[in-house]
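Listed here are the chains, written in short residue letters.
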Amino acid sequence: MTEIWLLTRRTSTVFLIITSVIFMYPLESSGFQITTEKMKYDQARTYCRNMNTDVATVYNLAEVNIMINLVLPPASNVWIGLELGNLWIWHWTGSDQGTSFLNWDTGEPRNNEQEACAVMNQNGIWLENDCGTPESFVCQGVRNVSTYIFVQAKKSWRDARSHCWNLSSDLVTIHSAEENKAVRNISTSERLWIGLFKDPWTWSGGSDSPFRFWDSSEPNYRSNRDCVTANLGNNGKWSSQNCNNRNSVICGAAQTGTSIQTTTQSPTPMSTVSSFYSEDGMILIQKNMTWISALSFCREHYVDLVQITNEDIQDKVAEKARSSTSPHVWLGLRFTCNFNFWFWTSSIPSCYQNWQPGEGPERATQCGESGAIEATGRQQWVGLPETQELNFICQTCGK
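### What about the overall build of the protein?
Each helix and strand counted, the protein has six helices and 23 strands in total. A buried classification covers 52% of the 399 residues belonging to the protein. About 18400 Å² of surface is accessible on the protein, with carbon and sulfur atoms providing 48% of the total.

### Thoughts on the environment of Ser-216
Along the polypeptide, Ser-216 turns up in the loop between strand 11 (192–203) and strand 12 (227–231). Judged by relative accessible area, which is 57%, Ser-216 ranks as exposed. The sequence separation of Ser-216 and Arg-158 amounts to 58 residues, and the corresponding C-alpha distance is 9.7 Å.

### Brief notes about the state of the cysteines
A full pass over the atoms with the stated rule returns five disulfides. Covalently, Cys-48 is tied to Cys-251 through a disulfide, its sulfur atoms 2.0 Å apart. Taking the sign of the S-S torsion, about -75° here, the bridge from Cys-48 to Cys-251 comes out left-handed. Of this pair, Cys-48 sits in helix 1 (residues 41–50) while Cys-251 sits in strand 14 (residues 248–252), and the two are 203 residues apart along the sequence. With a relative accessible area of 0%, Cys-48 lands in the buried category. Cys-251 gets classed as buried once you look at its relative accessible area, which sits at 0%. Disulfide pairing places Cys-139 opposite Cys-164 at an S-S distance of 2.0 Å. Because the sign of the S-S torsion sets the handedness, a value of about -80° for the bond joining Cys-139 and Cys-164 places this disulfide among the left-handed ones. Placement of Cys-139 in strand 9 (residues 135–140) and of Cys-164 in helix 3 (residues 157–166) is noted, with a sequence separation of 25 residues between them. Judged by relative accessible area, Cys-139 falls into the buried class, the value being 0%.

### A few points about the packing of aromatic side chains
Taken as a whole and assessed by the stated rule, the structure comprises 23 aromatic pairs. Summarising the aromatic geometry, the rings of Trp-165 and Phe-213 are spaced 6.0 Å apart at their centres and angled 50° between planes, so their arrangement reads as tilted. In this pair, Trp-165 sits in helix 3 while Phe-213 sits in the loop between strand 11 and strand 12, placing the two residues 48 residues apart along the sequence. On the accessibility criterion, Trp-165 (16% relative accessible area) is buried. Judged by relative accessible area, Phe-213 falls into the buried class, the value being 4%. Both rings, one in Trp-201 and one in Trp-214, keep their centres 5.2 Å apart while their planes meet at 55°; by these two values the pair is tilted. On the criterion of sequence distance, the pair formed by Trp-201 in strand 11 and Trp-214 in the loop between strand 11 and strand 12 is long-range, its members being 13 residues apart. Of the two residues, Trp-201 and Trp-214, both sit in the buried class. A connected cluster of aromatic rings, assembled from ring pairs, spans Trp-88, Trp-165, Trp-201, Trp-203, Phe-211, Phe-213, Trp-214, Tyr-221 and Trp-238.

### What about the confidence of the model for the protein?
A low pLDDT means the predicted coordinates there should not be read in detail. Here the protein averages 80 in pLDDT, while 80% of its residues score no lower than 70. Note that pLDDT drops below 50 for residues 1–30; the model gives that stretch 93 contacts with residues more than four away or on any other chain. When the criterion is pLDDT under 50, residues 254–277 qualifies, and its contacts beyond four places in sequence or with other chains add up to 48 contacts.

### Things to note about helix 5 (residues 291–301)
Across the 11 residues of helix 5, nine count as buried, placing the element largely inside the fold. The set of residues buried in helix 5 consists of Trp-291, Ile-292, Ala-294, Leu-295, Ser-296, Phe-297, Cys-298, Arg-299 and His-301.

### Thoughts on the nonpolar core
The biggest cluster of nonpolar side chains holds 22 residues, and the ones touching the most others in it are Val-58, Phe-211 and Trp-238. Mapped onto this core, the elements with two or more residues apiece are strand 4 (32–35), helix 2 (61–70), strand 6 (77–92), strand 11 and strand 12. Of all the elements, helix 2 adds the most residues to this core, at four residues. If we ignore the near neighbours within four places in the chain, the residues touching Phe-211 are Val-58, Tyr-59, Asn-60, Leu-61, Val-64, Arg-161, Trp-165, Trp-203 and Trp-238. In terms of nonpolar packing, the next biggest core, distinct from the first, is built from 19 residues, Leu-284, Val-306, Leu-333 and Ile-373 among them.

### Notes on the pattern of salt bridges
Scanning the model with the defined rule gives 16 salt bridges in all. A salt bridge links Arg-45 to Asp-42; its shortest N-O distance comes to 3.1 Å. With a gap of three residues between them, Arg-45 and Asp-42 both fall in helix 1, about one helical turn apart. Of the charged contacts, one joins Arg-322 and Glu-319 as a salt bridge, the two residues approaching to 2.6 Å between their closest N and O atoms. Put simply, Asp-42, Arg-45 and Glu-83 are held in one network by salt bridges that share partners.

### Remarks on the side chain of Thr-396
In this fold, Thr-396 is placed in the loop between strand 22 (390–395) and strand 23 (397–398). A polar side-chain atom of Thr-396 sits 3.4 Å from the main-chain amide nitrogen of Met-282.

### Examining unusual backbone geometry
Along the chain, Glu-108 connects to Pro-109 via a cis peptide bond; the corresponding omega equals -10°. Here Pro-109 is to be found in the loop between strand 6 and strand 7 (116–120). For the bond running from Glu-218 to Pro-219, omega is 0°, close enough to zero to count as cis. Here Pro-219 lies in the loop between strand 11 and strand 12. Notably, Ser-217 is not glycine yet its phi reads approximately 70°, a positive angle.

Scoring rules and cut-offs
- Residues numbered from 1 in each chain as written.
- Predicted model: local features only at pLDDT ≥ 70, side-chain atom pairs only at ≥ 80, totals over all residues.
- Heavy atoms only, no water.
- Helix = DSSP H or I, 4+ residues; strand = E, 2+ residues; numbered from the N terminus.
- Buried < 20%, exposed > 50% of the residue type's maximum accessible area, 1.4 Å probe, protein only.
- Areas by Shrake-Rupley, 256 points an atom, 1.4 Å probe, with all protein chains shown as cover.
- Disulfide = S-S within 2.5 Å.
- Phe/Tyr/Trp six-rings, centres within 6.5 Å; stacked < 30°, edge-to-face > 60°.
- pLDDT = per-residue confidence, 0-100.
- Contact = heavy atoms within 4.5 Å.
- Core = buried A, V, L, I, M, F, W, Y, C linked by side-chain atoms within 4.5 Å.
- Salt bridge = Lys/Arg side-chain N within 4 Å of Asp/Glu carboxyl O.
- Polar contact = N/O pair within 3.5 Å; in protein donor to acceptor, adjacent residues only side chain to side chain.

Structure follows, in C-alpha cells:
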C-alpha cells in the first residue's frame, strides 16, 4: 500500500512519496498541524505522539481563530487534546495560575461532581454557584493587571467571560487578600462573578491551560462522551464526543511551545536572516512576503511579527519602517471575521491604537485582512489583504 505524506516547513512545501493515505497541513502561525484522515481519539493521540508532539492544547481565543482561518482541508469537527478526567478541579481563567489564595465561605466549596463557578458576596466571601445564574462581574484591567473593570449588567458566567474577552481581557483573578478587597470595593452589586470555575477536563499534553470554548449546552456529561472536538464550521466551538467517533485531528507542539519540526528543509538565504538578537528587539526584513508567510518566517527565525502595544514601540517600529522597500510593512496584527475584532497574534492585551482615520474599527473590515504600518508619512496602521507582499518587521530577543 502506498502512503503519501505532505511534509512541510513553515516557509516552503515539499512533496515526497514514501509508503495509508494521510495528508498533513501546517497551521503556519502556531506550530499546529492537521490531518485529513479520520481516526478515533486514541489513534489520534498515538499519531501525534509518534511525531513527538500531542493532540493540540488551546490556550486562547487567538489560537481558535488561527485554527479557523488557516486550516486547509474542508474539515468540520477535529480532535483537540481535552479529555474527561477523574478529578473535579478549580481553575482560574488566567493561564496556569494556581489557587494559593482562597476565600471560601464556611462549607464552601461543595464536595460534588458538577460544574460550578465562584461568586463573591457583599462581604468579599466566595460561594460556589450555578454558572448559568445571571450575576454582575469584574474583568481584569487591560493595561494594568492591578486594575479592574466592573460590569453591572447581569450575565451567566460564560457570557460574562465572553464580555471580558471582547474587552481584550478576562474575568478577574484574585491571588491575595488585598486584591480581593480591591475587587469588592469597586462594585455596587451584592454578588459578582470572578474568574474561578470547576470542571474535570484535562489536557493530553499535560498543560494546565484553563481556556474553554464550549458550544451552547456543552459539555454533555452523558456516558461515553469523554473526548472533545472543535467545530471549525461553527466558530471553532467545542463539543464533547464519543472517543470512538472518527474525526480529523489537530496536533500541536508540546507544552514547551516549540513548533513541530520536519525532516525536509531548504536553506534560507543568509541575506534575509541575521542574528536572533538585536539591540532594540526588532529587525526589518527587506523581502516582500504575504502576511502569513511573513508570520511564519518570523516565528521560525526570530520570535514573532512585531506587536505594537505602546507609543515607545510605535516610534521604534516607525523608525525601522522608513528603511523598507515597500510602501507598507506587515505587523503582527490580524482581523478575525468570526469574532469581528482585531487582535495581536501573541494575544497581548493592549488599549494602544494608531489607526489611520477610517481604518481599523472605523470601517467594515473584509475577511483575510491583516495590519500594516505606513513606511512613510504619519506611519499609522492600515488593514490590507493578507495576500499582498510587503516587507515586515520581526520581533527578536534584545541583547
